[in-house]
Amino acid sequence: MASEHSLRAAYGAGPWHLLVLVVSFGVATSAVTTLGPTALWDSAVWWQTMVVWFVGAALVHDLLLFPVYALVDRAATAGAHLHHRRGGGSPRRVPLLNHVRIPALGSGLLLLVFFPGIIEQGAGSHLTATGLTQDPFSERWLWLSATGFVLSGAGYALRVVRARRRAGSDR
Amino acid sequence: MTDTDLGPREPGTGEDYGFPRVLWRAVAEHPPPGVGRLQRWRSPLRGPWLTSVLGVLLLVALPVVTLTGLLSYIAYAPQLDQARPGDVGWLHLPVFDWPTRPVWLFRVNQGLHVILGLMLIPIVLAKLWSVIPRLFAWPPSRSVAQLLERLSLLMLVGGILFEMATGVLNIQYDYLFGFSFYTAHYYGAWVFIAGFVAHVALKLPTMLRSLRSRSLRTELRTSRADTLPEPADPDGLVATDPAPATLSRRGALAVVGGGSLLIGGLSIGQTLDGPLRSTALLLPRGRTSGTGANAFPVNRTAEAARITSDLTGSAWRLTLLGPDGEVVLDRDQLADLTLRTATLPIACVEGWSTSQTWTGVRLRDLAARVGAGESTRVHVSSLQENGSFNQASLLANQVADPDSLLALRVNGEDLSLDHGFPARVIVPALPGVHNTKWVATLDFRSA
């Protein structure tokens, strides 16, 4: 169809693509207008507004959270590769990297999701709602993290022992 | 053929651009400095298959989270003008009278919404990790179509992160954001829904094709040493110069799934009674306060509600208003009426719940005392003067249920002050905040 071809050349995609996005933007615009634009930016504190948190959420993840954990992981991986090369690379050598990475990821994930209790933020509203303080949470998180590293360390030790036994029996 | 196929290529041009060609080509040929360095993606795991596996998990689970969220709006009774946020135009499910049976309806709805929502956090983060090369690719768009699609992705990604952030903060009573949680979370959901539906509509064929490109069974048997990058894809997800794998694909999926189960395991305790409640080690409702029969979690203490013992002491009266006039009862008179005992859960919008045994007077018996008939609504007022939940309205079906009580005792003992002494409402399947504590007046007159 000639009209579809000219739409594709101009718009960059077919009519279905355009329809889907028009409907989608329509719903989103409806939400924003029903809410009222003033509600999006209706605060003396600019960072306590919805539009800032909405766009900010994407920005904080893409430009802060992701780069931080990507760089940490790249440093750890580079360290592991260096260690391997120096260590003579016996094929039965058990790599340490994941035994550090996985409990670290677990600990970081718990901190990310449960940080209000762990860093005792929102203590006032927490007390009003529950009648309790946030005291035990930071300690519990540390214990959970420590448990993760200990279990991972135990797993690593087991694998090293098993690898050595296999190497010993091969000789 | 991708979704944004521009048709037959013009001879001589390496890339396809939409209208206006000059603009898009200029953008493409003038990348900002350093963009090239950002393209050095090292993980060999990235690719359409991994993205699709994570995508299919989200495709199944996110509609459940969204639907339970939209249902909770209906549970608050928008037909009584007490749903939050207020008037939302057409942005709601068809309104119906929230039933009272099964009694665990709101408990399961909210528990599912919150716990499943929390468990999706690692999966969402993994999905974002797997497609992040697209964010930093240059040019960002080659046509109007691609630009609009990227805008819809902002709605999707911003939306889900906004929902997760506000949700996570709200369930831990941390109102860092400052604006109204109900308003933000509800409208944010609709922006997310718009982005999600667009994304699924446009990307479903790609997802299905990518899932079929590799065998899951084979990947589950592939060790780290045998892990190779996926074939190069037109979207640029696969790294051009990957490092050797430090984790296999099955390992990566296990780590993500393990994170999900860890979160789930630490959250489900908030909905369980008995010793298992304390497994929710890092959440507020894994702990309990109070003693004896009143040892279950409190929402809003008497002190916070500024309820004092002289308000609730021997001077307290319950006022009933109805077509036949006004009836005033003190606590002893109330206790002399026919009492009913029912075991009912009480569940809050934050996803936690507890089940206790309540004893009190049936709401419909109190309605009959003032001449109110079968299908009467009621407006309940509390002694509490501040706060938004010092009053609530109940639908006719909620008043008529045989287990809807004005409770005087819980688990055999008088209610504690924190749990609503001298009397509180308890209705099956009703959102927790509408089970008004420290009741002062029951108004059965229809408006």
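A brief structural summary. (Residues numbered from 1 in each chain as written. Chains lettered and ligands numbered in written order. Predicted model: local features only at pLDDT ≥ 70, side-chain atom pairs only at ≥ 80, totals over all residues. Heavy atoms only, no water.)

Each helix and strand in chain B was counted, giving 12 helices and 10 strands. Overall size of chain B, expressed as C-alpha extent along the three principal axes, is 90 × 45 × 35 Å. Within chain B, contacts between residues separated by at least 24 positions form 71% of all contacts whose residues are at least 6 apart in sequence. Split by element, the accessible area of chain B, about 19,000 Å² in all, is 59% carbon and sulfur. Computed over 39 positive and 36 negative side-chain charges, the inter-centroid distance for chain B is 9 Å. (Helix = DSSP H or I, 4+ residues; strand = E, 2+ residues; numbered from the N terminus. Contact = heavy atoms within 4.5 Å. Areas by Shrake-Rupley, 256 points an atom, 1.4 Å probe, with all protein chains shown as cover. Lys, Arg positive; Asp, Glu negative; His and termini not counted. Charge placed at Lys NZ, Arg CZ, Asp CG, Glu CD.)

Before going further, it helps to examine the overall build of chain A. The secondary structure content of chain A amounts to seven helices and zero strands. In chain A, the order of α-helices and β-strands from amino to carboxyl end is α-α-α-α-α-α-α. For 171 residues, the compact-globule estimate of 2.2 N^0.38 gives 16 Å, and the C-alpha radius of gyration of chain A, at 26 Å, exceeds that figure by more than 25%. For the C-alpha atoms alone, the extent of chain A along its principal axes is close to 75 × 65 × 20 Å. Relative to its full complement of 171 residues, chain A shows a buried share of 32%. Counted over contacts in chain A with a minimum sequence separation of 6, partners at least 24 positions apart contribute 34%. Counting 14 positive and 8 negative side-chain charges, chain A places the centres of these two groups 25 Å from one another. (Rg over C-alpha atoms; globule rule 2.2 N^0.38 Å. Buried < 20%, exposed > 50% of the residue type's maximum accessible area, 1.4 Å probe, protein only.)

Among the surface-exposed residues, Arg159, Arg162, Arg165 and Arg166 of chain A together with Arg224 of chain B lie close enough to one another that they form a single positively charged patch. Position of arginine 159 of chain A among the secondary structure elements: in helix 7 (residues 135-170). Using a relative accessible area of 37% as the deciding quantity, one classes arginine 159 of chain A as partly exposed. (Patch = residues over 30% accessible without salt bridge, like charges linked within 9 Å, V, L, I, M, F, W, Y side chains within 5 Å. Salt bridge = Lys/Arg side-chain N within 4 Å of Asp/Glu carboxyl O.)

Quick look at the interface of chain A and chain B now. A common way to express how large an interface is: the accessible area buried when the components associate. Opposite the 69 residues of chain A that make contact, chain B presents 84 residues. Across the chain A/chain B interface, buried area totals approximately 6,500 Å², and carbon plus sulfur atoms make up 73% of it. For the chain A face of the interface with chain B, the top three residues by lost area are Trp53, Phe54 and Phe114 of chain A, together amounting to 11%. Where chain A packs against chain B, one counts zero salt bridges. Split by residue class, the side of chain A that touches chain B holds 40 nonpolar, 24 polar and five charged. (Buried area = accessible area lost by both parts, 1.4 Å probe. Nonpolar A, V, L, I, M, F, W, Y, C, P; charged D, E, K, R; others polar.)

Residues and elements named next belong to chain B. The five strands are arranged 2-1-10-5-6 in an open sheet whose pairing can be described as mixed. In this open sheet, the two edge strands, each paired with only one partner strand, are strand 2 (325-329) and strand 6 (391-394). For this sheet the average axis-to-axis angle between neighbouring strands, irrespective of direction, equals 15°. Both strand 1 (residues 318-322) and strand 2 contribute to a ladder of five bridges, which runs antiparallel. Directly across from leucine 318, in strand 2, lies its bridge partner leucine 329. (Pairing = 2+ DSSP bridges. Axes fitted to C-alpha atoms, helices over the stretch in contact; angles between N-to-C directions.)

Another point: the packing of aromatic side chains. A complete count under the given rule lists 20 aromatic pairs over all chains for this structure. Between phenylalanine 177 of chain B and phenylalanine 179 of chain B, the aromatic rings sit 5.1 Å apart at their centres with planes inclined by 25°, giving stacked as the arrangement. Neither residue differs from the other here; phenylalanine 177 of chain B and phenylalanine 179 of chain B are each classed as buried. Grouping aromatic residues by their ring pairs yields a cluster made of Trp53 and Phe54 of chain A together with Tyr76, Phe96, Trp98, Phe106, Phe162, Tyr175, Phe177, Phe179, Phe181 and Tyr182 of chain B. In this arrangement the basic side chain of arginine 46 of chain B is found over the ring face of tryptophan 129 of chain B, its NZ or CZ atom lying 4.2 Å from the centre. Over the face of the ring belonging to phenylalanine 137 of chain A we find arginine 287 of chain B, whose NZ or CZ atom lies 5.4 Å from the ring centre. (Phe/Tyr/Trp six-rings, centres within 6.5 Å; stacked < 30°, edge-to-face > 60°. Lys NZ or Arg CZ within 6 Å of the ring centre and 35° of its normal.)

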